Amino acid sequence: MRLTLAAFALSLLCATPLAARTTGADPAIVAAVADTHRTAANRLRDKYRHPVETLSFFGVKPGQTVVEYSPGGGWYTEILAPLLHHKGRYVALAGATPKAQAGLTKLLAPGGTRYAGATAASIDTATGKSNVAPGSADVVLTFRNVHNLVFDGPDTAPRVFVAFFKMLKPGGTLGVVDHRLPERRDSKLEKSSGYLKRSTVVKLATAAGFRLAAESQVNANPKDRADYPNGVWTLPPTLEGGDKDRARYLAIGESDRMTLKFVKPR
């Protein structure tokens, strides 16, 4: 039944041409998102993650060098690696541990020629040292990862943001998407809920030398109250509570997310 519903939902998603829903977007990004090589499960989440609008907002172009920090299961890798492989370069960046680097190898291997030119890189979050060359990236992206850096201790996130700053070219962009905690809430929740205050992310970036250039509400979800028993993982896609209140959380959808564009001054 679940597979049947998923297939039906995907057919509805594909029934409306993607270009018609993203007027004015870069055709190369539209094509990468519409690529049928993307997994069906990932495509179903487009309505929550808005990849065309998000990448367009961050100014991603096919000829750029784009670093994605902690790509996880490769949701954006499926879009970015093919988008960049003709003229640009996709760099998957993760921790320097053997396990993390093996994960990147496993992530990139199935892409074949579609991922041609994509490479894996490392960063030691304990020191901030990375093998991404200084001043080599046009764009650094991180999707729903800053809260993990905050979990790791008070010094980790500042070190990693400084590393992002170093690897970018002057004028380069840092794009951040993360679960948004209302500013009025207790900051202690940032240590456990998976949600972060916008002010926290802005402070981390500006302390590293970035300037906040713009922000978008494309990934906002006003239905998300950010006050759940299992934090952000209560909501889809994780649904950590299992069947308990499942329909309620599915109706809310994925989390309310801030989408912030920072620039490294020239």
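This structure is a prediction, so every number in the text was calculated from the model and none was measured.

### Comments concerning the nonpolar core
Of all hydrophobic cores here, the largest spans 32 residues; its most connected members are Leu93, Phe164, Leu174, Phe210 and Phe262. Per-element accounting of this core gives the leading share, seven residues, to helix α10 (residues 156-167). The next biggest cluster of nonpolar side chains, apart from the first, holds 30 residues, and it includes Ala25, Val52, Val66 and Leu104.

### Description of unusual backbone geometry
Here the amide bond leading from Pro236 into Pro237 is cis, since omega sits at 10 degrees, within 30 degrees of zero. Mapping Pro237 onto the fold places it in the loop between β8 (211-216) and α12 (246-252). Although it is not a glycine, Arg144 sits at a positive phi angle of roughly 55 degrees. Mapping Arg144 onto the fold places it in the loop between β5 (137-143) and α9 (146-151).

### Brief notes about the environment of His37
Topologically, His37 is positioned in the loop between α3 (27-34) and α4 (40-44). Given the relative accessible area of 55%, His37 is considered exposed.

### Brief notes about the confidence of the model for the chain
Per-chain confidence: the chain averages 92 in pLDDT, with 91% of residues scoring 70 or above. Counting interchain partners and residues more than four positions distant, the pLDDT-below-50 stretch residues 1-20 has 16 contacts.

### Here's the deal with the pairing of strand β6 (residues 168-181)
The element β6 is extensively covered by neighbouring structure, given that 11 of its 14 residues are classed as buried. Note: β5 against β6, six bridges, orientation parallel. Residue pairing in the sheet places Leu141 in a bridge with Gly175 of β6. In this structure, β6 lies alongside strand β9 (residues 257-263), joined through seven bridges in antiparallel fashion.

Calculation rules
Residues numbered from 1 in each chain as written. Predicted model: local features only at pLDDT ≥ 70, side-chain atom pairs only at ≥ 80, totals over all residues. Heavy atoms only, no water. Core = buried A, V, L, I, M, F, W, Y, C linked by side-chain atoms within 4.5 Å. Buried < 20%, exposed > 50% of the residue type's maximum accessible area, 1.4 Å probe, protein only. Helix = DSSP H or I, 4+ residues; strand = E, 2+ residues; numbered from the N terminus. pLDDT = per-residue confidence, 0-100. Contact = heavy atoms within 4.5 Å. Pairing = 2+ DSSP bridges.

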